[in-house]
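Below are the chains, spelled out letter by letter.
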Amino acid sequence: MQPFFALVLIAAAQAPAFAQAAASAASRPALGSRAFKWEELIARPTPNGERRDVANHPTPTLAVFECHVTTLNPGAASHEPHRHPQEELIIVKEGTLEVHINGRTQVAGRGSTFFYASNDAHRVLNVGSTRATYWVINVATKATHAPAEQNQHPKLQSAVFDWEKTPVAQTKTGERRAVLDGSTVTLANLESHITTINPGEMPHAAHRHPDEELILVKEGTLEVTINGQSQRAGPGSIFFYASNDMHGMKNVGDTRATYHVIRLVTAATPKAQAAGAK
């Protein structure tokens, strides 16, 4: 058994669901760049609402990348406050949630981002009158269950980043909202921002980079091109760009398109490919 996954099983008592997911991910191939279209994600009923599983794999830079979408009925909670060693991001697709972090609560709605640092207590509660749906991203690295390899002085702490309070900067193609940027207990760097692009625009030319990237479509229709192959996807869809894969996006709708961007750097992040490399 690989050392990381042996440690995962030891930690199962702390976070049994993720421990099982990590053990399952160990037997799967590394996740390559791909689009997960909202309409193709299967909704499965849960006692509190619905769940859509997206991915549960290792990647070139992560021991485990796990992503799903949760829907909570009004008044329902995700679970009792709990803690786990992997770091977690939640982004609200729709609805209003009360966020619990280490005994403190805050209410935030559509477009907001929650970051849970390693081993901080957390949960969410739907305090709205309609269903609440949110993306969940759990990430583990070699350092997740190896305290000696963890960053003892991370820049990022558990926090709520409220959409309504996030400053907006105008760009040539639309808008940009900076959300978070810095080191964590297990990641060399975690950066997130929200991009809005006008109809017919591209945020940049197709490019590649060593850090892995996740796109969550808030609204609008995007054409995503990955290694020369193009497809279209709308709200709720998720794009994963593996390290050093060529990718680009364009707003092909007749309204603005807005999407969340998450970029991850770990100790395993490979070097950038030289210009012209295949």
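Above this text is the structure in question.
1. Digging into empty space enclosed by the protein
Any space left empty among the atoms is revealed by the rolling of a water-sized probe across them. Within this structure, the stated rule accounts for 1 cavity of 30 Å³ or more. Of the volumes computed, that of the largest cavity is approximately 40 Å³. In terms of lining, the largest cavity is formed by Glu 87, Glu 88, Leu 89, Phe 115, Ile 137, Val 139, Leu 187, Leu 190 and Leu 264. For the lining of the largest cavity, the secondary-structure elements that each account for two or more residues are β5 (87–94) and β10 (132–140). With 3 residues, the top contributor of residues to the lining of the largest cavity is β5. For the lining of the largest cavity, the class distribution of residues is 7 nonpolar, no polar and 2 charged.

2. Some points on the environment of Leu 89
Here Leu 89 lies in strand β5. Between the alpha carbons of Leu 89 and Trp 135 there is a distance of 8.1 Å; along the sequence they are 46 residues apart. Beyond its immediate sequence surroundings of up to four residues, Leu 89 is in contact with Thr 113, Phe 114, Phe 115, Trp 135, Val 136, Ile 137, Leu 180, Leu 190 and Ile 262.

3. Description of the pattern of salt bridges
In total, this model carries 12 salt bridges according to the counting rule given. A salt bridge links Glu 66 to Arg 51; the shortest N-O distance between them is 3.4 Å. Linking Glu 66 in strand β4 (residues 64–72) with Arg 51 in strand β3 (residues 49–57), this pair joins segments that are 15 residues apart in sequence. Judged by its relative accessible area of 32%, Arg 51 falls in the partly exposed class. The salt bridge partner of Arg 176 is Glu 191, with a shortest N-O separation of 3.6 Å. With Arg 176 in strand β13 (residues 174–182) and Glu 191 in strand β14 (residues 189–197), this pair connects stretches of sequence that are 15 residues apart. Where salt bridges share partners, they join Glu 50, Arg 52 and Arg 131 into one cluster.

4. Overview of the sheet that holds strand β7 (residues 104–108)
Spatially, 3 strands are ordered β7-β6-β9 in an open sheet, and the strand pairing comes out antiparallel. Each having just a single partner strand, β7 and β9 (122–126) make up the two edges of the open sheet. Taken over all neighbouring pairs, the strand axes of this sheet differ in orientation by 20° on average, direction set aside. Of the pairings in the sheet, the one linking strand β6 (residues 97–101) to β9 comprises 5 bridges and is antiparallel in character. Residue pairing in the sheet places Val 99 in a bridge with Val 124 of β9.

5. A closer look at the nonpolar core
Core analysis: the biggest nonpolar cluster contains 31 residues, and Phe 65, Ile 137, Leu 190 and Ile 262 have the highest contact counts within it. By size, the runner-up hydrophobic cluster in this structure holds 15 residues, among which are Leu 97, Val 99, Tyr 116 and Ala 132.

6. Examining the environment of Val 185
Checked against the element boundaries, Val 185 lands in the loop between β13 and β14. Overall, Val 185 belongs to the buried group, its relative accessible area being 16%. Between the C-alpha atoms of Val 185 and Pro 147, which are 38 residues apart in sequence, the distance is 9.3 Å. Aside from chain neighbours lying at most four places away, what touches Val 185 is Glu 87, Ser 118, Gln 150, Asn 151 and Pro 154.

Here is what the cut-offs are and how they apply
- Residues numbered from 1 in each chain as written.
- Predicted model: local features only at pLDDT ≥ 70, side-chain atom pairs only at ≥ 80, totals over all residues.
- Heavy atoms only, no water.
- 1 Å grid on protein atoms, 1.4 Å probe; cavity = no way out; pocket = protein on both sides within 12 Å on 5 of 7 lines; lining within 4 Å.
- Points joined across faces, edges and corners; volume = space filled by probe spheres on them.
- Helix = DSSP H or I, 4+ residues; strand = E, 2+ residues; numbered from the N terminus.
- Nonpolar A, V, L, I, M, F, W, Y, C, P; charged D, E, K, R; others polar.
- Contact = heavy atoms within 4.5 Å.
- Salt bridge = Lys/Arg side-chain N within 4 Å of Asp/Glu carboxyl O.
- Buried < 20%, exposed > 50% of the residue type's maximum accessible area, 1.4 Å probe, protein only.
- Pairing = 2+ DSSP bridges.
- Axes fitted to C-alpha atoms, helices over the stretch in contact; angles between N-to-C directions.
- Core = buried A, V, L, I, M, F, W, Y, C linked by side-chain atoms within 4.5 Å.

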